[in-house]
Amino acid sequence: MQDLQAIKTVLEFYKALGIDRLPLSIPETGHPTPEEKAKALKALRQEIGDCKRCKLYKGRKNLVFGEGNPDASLMFIGEAPGREEDIQGRPFVGDAGRLLTRLIEKMGFKRQDVYIGNIIKCRPPMNRDPQDDEISTCMPFIKKQIMIISPKVIMSLGRISAQTLIGVKIPITRLRGKFYDYEGIPLMPTFHPAYLLRNPRDKMLVWSDAQQVLARLREEF
Ligand code: URA
């Protein structure tokens, strides 16, 4: 089953690169190299282009594609860009982002080691919750990013990200702290850093979720 999943991942990766026929040679390991992943992400960014697929383009300054190591073992997925992210075109660069960066560093990584993305790539007006049609329009792109990067573990940040990736409407207080399966990748939902800014006592719970993630990453090596 794992072999079939690996073949599926490789084929989907080539599809994301725009190759819809089997290439003559697949890399010997069967796994895309970091350079190929970087190229696939670049091709995906081009495919998204100056996106007008949903109404959020009307209010955005910049589309926030995501950033980090294309070959990351750990991927963080938030909800949608906020004010600062919209201005800079980069994910998690406001107050919540500074807290996320501290978590990443406490976990023993640098920000550049991991990959950071969002379910939605454009800022909703006044930071309102993304609507279902916006989520379903944007979702294929984060799905492709996950497929290309193929991280060992995903940490989802907040209710919207967890509910969207897991496909349930259960509150984040009940979802967090346990691993779920996202297309063969272990997914750990945790609280959103913006929530932690308002509820700093729950940082302890996020740290316990992060420790489970670190333990899982160690198992993978
Ligand atoms: N909140 C998110 O969910 N994502 C960002 O990029 C910034 C804030």
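This one's a predicted model, so the numbers in the text were calculated from it and none came from an experiment. (Residues numbered from 1 in each chain as written. Predicted model: local features only at pLDDT ≥ 70, side-chain atom pairs only at ≥ 80, totals over all residues. Heavy atoms only, no water.)

Draft legend 1. The arrangement of the site of the ligand in detail. Around the ligand sit Gly-78, Glu-79, Ala-80, Glu-85, Pro-91, Phe-92, Asn-118 and His-192, and those are all the residues in its vicinity. Between an oxygen atom of the ligand and a main-chain N or O atom of Glu-79, the distance comes to 2.8 Å. In isolation the ligand offers 240 Å² of accessible surface; the protein chains occlude 92% of this area. More than half of the atoms belonging to the ligand lie within 2 Å of the grid points that define the second largest pocket. Of the residues belonging to the shell around the ligand, the class tally is three nonpolar, three polar and two charged. (Near = heavy atom within 4 Å. Polar contact = N/O pair within 3.5 Å; in protein donor to acceptor, adjacent residues only side chain to side chain. Areas by Shrake-Rupley, 256 points an atom, 1.4 Å probe, with all protein chains shown as cover. 1 Å grid on protein atoms, 1.4 Å probe; cavity = no way out; pocket = protein on both sides within 12 Å on 5 of 7 lines; lining within 4 Å. Sits in = over half its atoms within 2 Å of the grid points. Nonpolar A, V, L, I, M, F, W, Y, C, P; charged D, E, K, R; others polar.)

Draft legend 2. Representation of helix α4 (residues 95-106) within the structure. Given a rise of 1.5 Å per residue, 12 residues ought to cover 16 Å, and the 17 Å separating the end C-alpha atoms of α4 matches this to within 8%. Those residues of α4 not exposed but buried are Ala-96, Gly-97, Leu-99, Leu-100, Thr-101, Leu-103 and Ile-104. Residues of α4 that are buried make contact with β2 (74-78), β3 (115-118), β4 (153-157), α8 (193-198) and α9 (203-220). (Helix = DSSP H or I, 4+ residues; strand = E, 2+ residues; numbered from the N terminus. Expected span 1.5 Å × (residues − 1). Buried < 20%, exposed > 50% of the residue type's maximum accessible area, 1.4 Å probe, protein only. Contact = heavy atoms within 4.5 Å.)

Draft legend 3. Structural detail: the pattern of salt bridges. Evaluation of the coordinates by the stated rule reveals 13 salt bridges. Between Glu-134 and Lys-55 there is a salt bridge, with the nearest N and O atoms lying 3.0 Å from each other. Residue Glu-134 is located in helix α5 (residues 132-149), and its partner Lys-55 is located in the loop between α2 (34-48) and β1 (67-68); the two are separated by 79 residues in the primary sequence. The salt bridge involving Asp-209 is made with Arg-176; its shortest N-O contact spans 2.8 Å. Pair noted here: Asp-209 is in helix α9 and Arg-176 is in the loop between α7 (172-175) and β5 (180-182), with a separation of 33 residues, a long-range link. For Asp-209, a relative accessible area of 0% puts it in the buried group. A relative accessible area of 15% means that Arg-176 is categorised as buried. (Salt bridge = Lys/Arg side-chain N within 4 Å of Asp/Glu carboxyl O.)

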